[in-house]
Protein chains: 2
Amino acid sequence: MKKTIAVLPGDGIGPEVTDAAVKVLQSIAMRYGHTFHLKHAAIGGTAVDQFDNPLPQQTIDVCDASDAILLGAVGGTKWDSNPAHLRPEKGLLNIRKHFDLFANIRPVKAVPALLDSSPLKEEVAKEVDMVIVRELTSGLYFGEPKRRSEKSAVDTLVYTREEIERIVNQAFEIARTRRGKVTSVDKANVLETSKLWREVVEERRKAYPDIEVEHMLVDSAAMKLITDPRAFDVVVTENMFGDILSDEASVITGSLGMLPSASIRSDGFGLYEPVHGSAPDIAGQNKANPSAAILSAAMMLKHSFGLHTEAAAIEKAVMGVLEDGYCTGDLAGEGKRVVSTDRFVTKVVEELEREFVSEHIMYSYV
Amino acid sequence: MKKTIAVLPGDGIGPEVTDAAVKVLQSIAMRYGHTFHLKHAAIGGTAVDQFDNPLPQQTIDVCDASDAILLGAVGGTKWDSNPAHLRPEKGLLNIRKHFDLFANIRPVKAVPALLDSSPLKEEVAKEVDMVIVRELTSGLYFGEPKRRSEKSAVDTLVYTREEIERIVNQAFEIARTRRGKVTSVDKANVLETSKLWREVVEERRKAYPDIEVEHMLVDSAAMKLITDPRAFDVVVTENMFGDILSDEASVITGSLGMLPSASIRSDGFGLYEPVHGSAPDIAGQNKANPSAAILSAAMMLKHSFGLHTEAAAIEKAVMGVLEDGYCTGDLAGEGKRVVSTDRFVTKVVEELEREFVSEHIMYSYV
Ligand SMILES: [Mg+2]
Ligand SMILES: [Mg+2]
């Protein structure tokens with residue numbers, strides 16, 4: 001398979017973790033016979049410094065000519081006092097908008113080797129394996145009118161049937177590749193938009209008779225994410241509820257620094273990035289945890305390129321290295337061997353090679 | 001002190017737990033020399049059955065002539081298919097609206113004897129002691145326009161400066177009786193209503209220089225409630241965020257069945273009720289946990305009547321009985337002695353008397 005990938009390292013630890021993900025992609029390309037053309041471009045604060053624009057036109061052009069985007073992280077105190085249009089985060093908002101990346105996908109999976117650092121009891125957090133599918137380009141954060149006077153303020157929550165249909169379809173498609181259950185979260189007992197949302201889910205489920213569907217109110221979902229997180233497979237919800245619930249879910253397994261994410265559209269094009277931020281305090285010190293960036297690259301292989309075997313190999317390799325006790329400083333703990341970013345990536349690549357070889361030995365016996 | 005209390009038992013276990021709270025109030029009245037006139041009235045499904053109205057006029061009249069309202073619970077499958085205006089919950093919504101009870105106050109306090117049943121690790125959940133102050137009568141759930149067509153739907157989030165001022169003032173006043181910290185939760189990086197909210201908090205804090213103030217985005221708050229819940233003292237937020245966060249917070253200590261709540265207005269008038277529902281499956285079996293109703297009565301003494309000593313005595317008595325190992329069936333576990341609702345209340349009253357006597361013996365030595 002031949003694919004072009006836009007690589008946008010961004011700010012802080014962005015470049016280091018993106019480099020790590022690229023090394024893993026190169027190893028995958030070599031072993032599995034793919035060609036990945038990697039085209040680097042600037043975004044965020046780095047782009048503001050170089051081009052006075054957090055999302056320069058040449059970056060858009062590079063992305064336009066690519067099959068997917070791999071992003072590191074944006075932001076840093078250096079640009080905190082910039083005017084709104086020169087803030088690093090604006091680059092991220094603009095790129096999502098420009099490419100109409102309406103589906104934000106955030107998997108949360110318990111890592112056995114890291115359950116120690118979960119705030120939840122091990123028996124509650126273990127085996128958690130869910131994906132939150134959040135509508136990203138509509139709802140209360142974008143609806144008009146949006147205004148403020150001396151005496152009052154207004155925001156507007158609007159959803160069209162089409163906006164709901166496309167995100168709900170995404171959730172059903174993802175559920176088909178997993179345990180086949182969709183939990184649709186709304187506030188249908190109070191909100192008109194939620195009533196429409198629920199109606200669309202009921203309509204769309206007819207096309208997915210193999211998928212189990214449940215409706216849950218957002219306040220109940222906020223409780224159940226803590227009391228029984230294993231009950232979730234695919235969660236689909238509107239923008240603001242998804243903002244709150246995906247962040248809530250990100251801390252339950254204790255592996256926040258490990259979480260990848262995707263923002264995609266219906267044709268498979270998408271942007272892949274770690275959930276963690278740019279961590280400027282440890283930037284350039286070869287100690288950032290590259291797992292989330294590497295797992296984001298795996299999501300790209302799966303969602304944008306349909307390379308499920310390769311994606312699974314990467315996930316297995318990262319988990320293998322962690323289970324061997326290796327980790328970066330953020331996960332330091334009893335019985336752990338703290339290594340540099342570079343060393344961690346080398347370990348992941350070695351693990352990938354070992355997997356690949358043992359698979360092929362097995363084949364030759366069959 | 002002479003006070004009139006409207007007692008609205010409601011549905012399911014409502015009558016049993018309200019009876020329990022009344023017994024405790026009677027014990028307090030006797031020991032501390034107060035007179036509480038108790039006037040019972042119907043609400044919820046029970047009121048629908050009797051009067052074809054979940055909030056009959058005679059109930060409003062009783063409440064109007066009272067200094068505070070003690071409520072059990074409303075709702076049950078029996079009325080689930082009723083039209084909207086004959087649903088039990090409508091009684092609760094209407095009474096809040098009729099009396100303009102804009103401040104919903106939900107304390108969440110870890111009970112050492114119950115930490116076993118928390119989904120959080122003991123070291124995370126222990127010593128949690130926070131109060132969530134939620135704006136209850138405005139925001140996205142009530143704002144107009146609110147409409148739906150075949151193709152789209154709209155809800156509107158509106159806040160006036162006055163609506164924000166009065167709830168923020170409540171939070172500051174409550175913080176003064178506690179550890180002196182207010183966390184104001186909003187989404188000021190995106191919402192106009194949140195920008196106004198933050199502006200009002202910044203203005204009002206000038207009148208409370210003794211109170212520490214922090215602003216937190218709602219998605220960060222949803223994370224921190226799990227990773228570091230002890231960091232919160234008083235949380236103040238708008239209606240929808242408060243709905244989600246207060247339910248999230250209610251499960252972190254494992255004592256959901258124990259949580260009281262208040263819905264009050266600025267003059268001290270208020271409605272006090274358990275957070276738990278009407279639990280029709282165990283109604284009338286003398287096994288409901290009356291703690292939340294009893295603690296709601298304690299909140300009434302504190303917030304509506306200013307009887308802080310008496311409120312503290314009730315809280316201490318309930319915790320004492322739990323620490324002695326007594327509990328109702330919902331909290332059954334190793335080393336626990338499961339007792340009936342009646343027996344539990346008797347234990348609480350005995351504990352209250354013991355406290356009272358030992359306090360007075362101490363006084364006579366002084
Ligand atoms: Mg967020
Ligand atoms: Mg709720």
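Cut-offs used in this document
Residues numbered from 1 in each chain as written. Chains lettered and ligands numbered in written order. Predicted model: local features only at pLDDT ≥ 70, side-chain atom pairs only at ≥ 80, totals over all residues. Heavy atoms only, no water. Helix = DSSP H or I, 4+ residues; strand = E, 2+ residues; numbered from the N terminus. Rg over C-alpha atoms; globule rule 2.2 N^0.38 Å. Buried < 20%, exposed > 50% of the residue type's maximum accessible area, 1.4 Å probe, protein only. Contact = heavy atoms within 4.5 Å. Lys, Arg positive; Asp, Glu negative; His and termini not counted. Charge placed at Lys NZ, Arg CZ, Asp CG, Glu CD. Donors = N, O, S within 2.8 Å, 3.2 Å for Na, K, Ca; no water. UniProt positions renumbered as here; feature names shortened; annotations may be inferred. Polar contact = N/O pair within 3.5 Å; in protein donor to acceptor, adjacent residues only side chain to side chain. Buried area = accessible area lost by both parts, 1.4 Å probe. Salt bridge = Lys/Arg side-chain N within 4 Å of Asp/Glu carboxyl O. Nonpolar A, V, L, I, M, F, W, Y, C, P; charged D, E, K, R; others polar. Core = buried A, V, L, I, M, F, W, Y, C linked by side-chain atoms within 4.5 Å. Domains from an automatic or database assignment. Least-squares fit on C-alpha atoms with pLDDT ≥ 70 in both.

**Observations concerning the overall build of chain A**
- Scanning chain A from terminus to terminus reveals 12 helices and 14 strands.
- Taken over the C-alpha trace, chain A has a radius of gyration of 21 Å; the compact-globule value for 366 residues is 21 Å, and the two agree within 12%.
- Principal-axis analysis of the C-alpha atoms places the extent of chain A at approximately 60 × 50 × 40 Å.
- For chain A, the residues scored as buried account for 59% of the 366 residues in total.
- If you take every contact in chain A between residues at least 6 apart in sequence, the share linking residues at least 24 apart comes to 76%.
- The distance from the centre of the 42 positive side-chain charges to the centre of the 54 negative ones in chain A is 1 Å.

**Focus on the coordination of the magnesium ion (ligand 1)**
- For the magnesium ion (ligand 1), the full set of protein donor atoms is A:Asp243 (OD), A:Asp247 (OD) and B:Asp219 (OD), and the range of their distances to it is 2.1 to 2.2 Å. Of this pair, A:Asp243 sits in helix H9 (residues 239–250) while B:Asp219 sits in helix H8 (residues 218–227), on two different chains.
- Taking the relative accessible area as the measure of exposure, A:Asp243 reaches 5% and is therefore buried.

**What about the UniProt feature "binding site: Mg(2+)" (unreviewed entry) in chain A?**
- Mapped onto this numbering, the UniProt entry annotates "binding site: Mg(2+)" (unreviewed entry) at A:Asp219, A:Asp243 and A:Asp247. Spanning 29 residues, the named residues nonetheless gather at one spot, since no C-alpha pair among them exceeds 14.5 Å.
- Not counting residues up to four positions away in its chain, the partners in contact with A:Asp219 are A:Lys187, B:Asp243, B:Ile244 and B:Asp247.
- Apart from the residues lying within four places of it in its own chain, the contact partners of A:Asp243 are A:Arg134, A:Tyr141, B:Lys187 and B:Asp219.

**Examining the environment of A:Lys121**
- Take A:Lys121: it is sitting in the loop between strand S4 (103–109) and helix H5 (122–125).
- Leaving out residues up to four positions away in the same chain, A:Lys121 has contacts with B:Leu115, B:Asp116, B:Ser117, B:Ser118, B:Pro119, B:Leu120 and B:Lys121.
- Here the side chain of A:Lys121 touches B:Asp116 through a polar contact of 2.9 Å, landing on its backbone oxygen.

**Comments concerning the coordination of the magnesium ion (ligand 2)**
- Protein-derived coordination of the magnesium ion (ligand 2) comes from A:Asp219 (OD), B:Asp243 (OD) and B:Asp247 (OD), at a distance range of 2.1 to 2.2 Å. Placement of the pair is A:Asp219 in helix H8 (residues 218–227) and B:Asp247 in helix H9 (residues 239–250), with the two residues belonging to separate chains.

**Some remarks on the interface of chain A and chain B**
- Contact with chain A, which involves 49 residues of that partner, is made by 49 residues of chain B.
- Carbon and sulfur atoms supply 64% of the area that chain A and chain B bury against each other, a total of about 4,200 Å² over both sides.
- On the chain A side of the interface with chain B, the three residues burying the most area are A:Lys121, A:Arg148 and A:Ile244, jointly 15% of the side's total.
- Counting the contacts that link chain A with chain B gives eight salt bridges.
- Here the side of chain A that touches chain B gets nine residues from one element, more than from any other, and that element is strand S7 (residues 152–160) of chain A.
- Of the residues assigned to the side of chain A that touches chain B, the class counts are 24 nonpolar, eight polar and 17 charged.

**Points about the nonpolar core**
- In this structure, A:Leu322 and B:Leu322 are the most contacted members of the largest nonpolar core, which totals 211 residues.
- In contact with A:Leu322, other than residues within four places in its own chain, are A:Val111, A:Ala113, A:Leu114, A:Met258, A:Cys327, A:Leu331 and A:Phe344.

**A short note on the domain arrangement of chain A**
Residues and elements named next belong to chain A.
- Here the domain parsing of chain A yields domain 1 (1–106 + 252–366) and domain 2 (129–250).
- A separation of 26 Å is found between the C-alpha centroids of domain 1 and domain 2.
- On the domain 2 side, the residues contacting the 16 residues of domain 1 number 19 residues.
- For the domain 1 and domain 2 pair, buried surface summed over both sides reaches about 1,600 Å², with 58% attributable to carbon and sulfur atoms.
- Together, Phe 102, Arg 106 and Ile 252 form the three largest contributors to the area buried by domain 1 at its contact with domain 2, with a combined 49%.
- At the junction of domain 1 with domain 2, the criterion picks out two salt bridges.
- Linking Asp 100 and Arg 166 is a salt bridge whose minimum nitrogen-to-oxygen distance equals 3.0 Å.
- Here domain 1 is connected to domain 2 by seven residue pairs in polar contact (both at pLDDT 80 or more).
- Going through the elements one at a time, S4 and strand S11 (260–264) are the ones with two or more residues in the side of domain 1 that touches domain 2.
- Top contributing element to the side of domain 1 that touches domain 2 by residue count: S4, with four residues.
- Within the side of domain 1 that touches domain 2, the residues separate by chemical class into eight nonpolar, four polar and four charged.

**A closer look at the relation of the copies chain A and chain B**
- In screw terms, the move from chain A to chain B is a rotation of 180° and a rise of 0.0 Å along the axis, fitting with an RMSD of 0.1 Å. Look at the turn and shift together and you get a two-fold axis relating the two. Nearest to the rotation axis, the C-alpha of A:Leu120 is located 2.0 Å from it, this being the minimum over chain A.
- Residue by residue, 100% of the interface of chain A is reproduced at the interface of chain B, so both copies engage with the same surface.

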